[in-house]
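Residue strings, one per chain:
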Amino acid sequence: LPLLLKATLLCLASGSYHPFYNGFYYNHIMNDNGDGQDKVDYFNGARLVVETSKDPVYSYNGANVTLPCHYRYEPDQGPKRKIRIKWSKLRDDYTKEQDVLVAIGKTYMAFGDFKGRAHIRQASRHEASLVISDVHLKDDGKYRCEVIDGLEDESDVVDLRLQGIVFPYQPPRGQYRLNFHEAEQVCQDQGAILANFNQLFQAWSEGLDWCNAGWLADGTVQYPIRLPRKPCGGVHLAPGIRSYGPRHRHLHRFDAFCFSSALKGEVFYLDRLAGMTLEEAKQSCQDAGAEIARVGQLYSAWKFLGLDRCNAGWLADGSVRYPIVTPRANCGPAEPGVRSFGFPSKGRFGVFCYRER
């Protein structure tokens, strides 16, 4: 042991020690001089400050969005050598962050689903903003902008929120039939994803009141109550989000709360004098250069495009629904919403179709 300690001290004293860097992120883009020499810069006494937007950045499905991030030095150091920029997405369940992009100078590398969709905008000095094109539903969330200058490493967080709508979903089999993974799939089948807590809370603040518990993206089971009542936690509890907490993702079964954003296309209604079966409805949409609409698309068209139709129509999951913006006689309850006839095994109705613009 004394010999090993002596050898270690001699190694450090000789100046042969090199600072550690994370080769996973940087070994391909340590510099863009093409000379194969990796340079490590050291903190030179200036304080590094990183700042992002304090307010959420809002976008929608299919759009392009810029997450602002700027850095500076106190005191200002004038022109600087290349620094390293890393963007990562914080997960809802607080597990390991998702890698989005790393960059040095004009050289960058995007990871996973962000490949081909993410790059750094450096339109001004000391800018490290992240540009995401063709925004996906699952891009919603918090992002960390990290700037690394030698031994100096500072970061800040910006919140990307998609404009969308949360809707409860039960499959044709009935109430409380979905484990977590099945809930993920049924939301995806309806052009949506499992909602996160912030999205459910926003929907509750806008009036969503639903007494059936459903899965959220973090594996918890919750439900929003505006009007306290006995079957929904009791009359003595205040309005709010009721929570069952985390549940077993395979064994426990509930409904789902799905989240859908604004549409790239349009939802329209088709009908025949005698109505249509589900198969006839699907064919009618195809004949019109479209496809039968999914539940998430109908909800989005109702909220963002003002779709108002007092005629029931088939949807892709075999349900029959209709959207009401302006409540009126013979069109259901006194509140706006998407009405449901459930999953009729037979019957003839119109159909809601979806077509990309």
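Rules used in this analysis
- Residues numbered from 1 in each chain as written.
- Predicted model: local features only at pLDDT ≥ 70, side-chain atom pairs only at ≥ 80, totals over all residues.
- Heavy atoms only, no water.
- UniProt positions renumbered as here; feature names shortened; annotations may be inferred.
- Pairing = 2+ DSSP bridges.
- Helix = DSSP H or I, 4+ residues; strand = E, 2+ residues; numbered from the N terminus.
- Axes fitted to C-alpha atoms, helices over the stretch in contact; angles between N-to-C directions.
- Phe/Tyr/Trp six-rings, centres within 6.5 Å; stacked < 30°, edge-to-face > 60°.
- Buried < 20%, exposed > 50% of the residue type's maximum accessible area, 1.4 Å probe, protein only.
- Lys NZ or Arg CZ within 6 Å of the ring centre and 35° of its normal.
- Disulfide = S-S within 2.5 Å.

Naming follows an unreviewed UniProt entry, where the protein chain appears as HPLN3 protein of Rhabdornis inornatus. Per UniProt, the protein chain has the following entry under Subcellular location (unreviewed entry): "Secreted, Extracellular space, Extracellular matrix".

**Structural notes on the sheet that holds strand β9 (residues 129–132)**
Taken together, the three strands give an open sheet; going across it, the order is β3-β9-β8, and neighbouring strands pair in antiparallel fashion. Looking at strand neighbours, the two that pair on one side only are β3 (65–67) and β8 (118–121), the edges of this open sheet. Direction aside, the axes of adjacent strands within the sheet are offset by 30° on average. Looking at chain direction, β8 and β9 are connected through four bridges and run antiparallel. Its bridge partner lying in β9, His119 is registered against Val131.

**Thoughts on the packing of aromatic side chains**
Within the structure shown, the criterion is met by 15 aromatic pairs. Arranged with centres 4.7 Å apart and planes meeting at 10°, the rings of Phe167 and Tyr299 form a pair that is stacked. Of this pair, Phe167 sits in strand β12 (residues 164–169) while Tyr299 is found in helix α6 (residues 295–304), placing the two residues 132 residues apart along the sequence. Tyr299 sits in the buried class, given a relative accessible area of 10%. One residue, Arg226, lies across the ring of Trp204, its end atom 5.4 Å from the ring centre. The lysine or arginine in question, Arg249, covers the ring of Phe180, its NZ or CZ lying 4.3 Å from the ring centre.

**Regarding the state of the cysteines**
In the structure shown here, the tally under the stated rule is five disulfides. The disulfide partner of Cys69 is Cys145, and the gap between their sulfur atoms is 2.0 Å. Here the disulfide of Cys69 and Cys145 is left-handed, its torsion about the S-S bond being about -80°. Here the residue Cys69 occupies a position in strand β4 (residues 69–74), and Cys145 occupies one in strand β10 (residues 141–149), the gap between them amounting to 76 residues. Across the disulfide, Cys310 is cross-linked to Cys331 (sulfur-sulfur distance 2.0 Å). For the disulfide bridge between Cys310 and Cys331, the dihedral angle about the S-S bond is near -115°, and by the sign convention the bridge is left-handed. With Cys310 in the loop between α6 and β20 (313–314) and Cys331 in the loop between β21 (320–324) and β22 (337–340), this residue pair connects regions lying 21 residues apart in the sequence. Classification of Cys310 as partly exposed rests on a relative accessible area of 27%. Across the protein chain, the disulfide pattern expressed with sequentially numbered bonded cysteines is 1-2, 3-6, 4-5, 7-10, 8-9.

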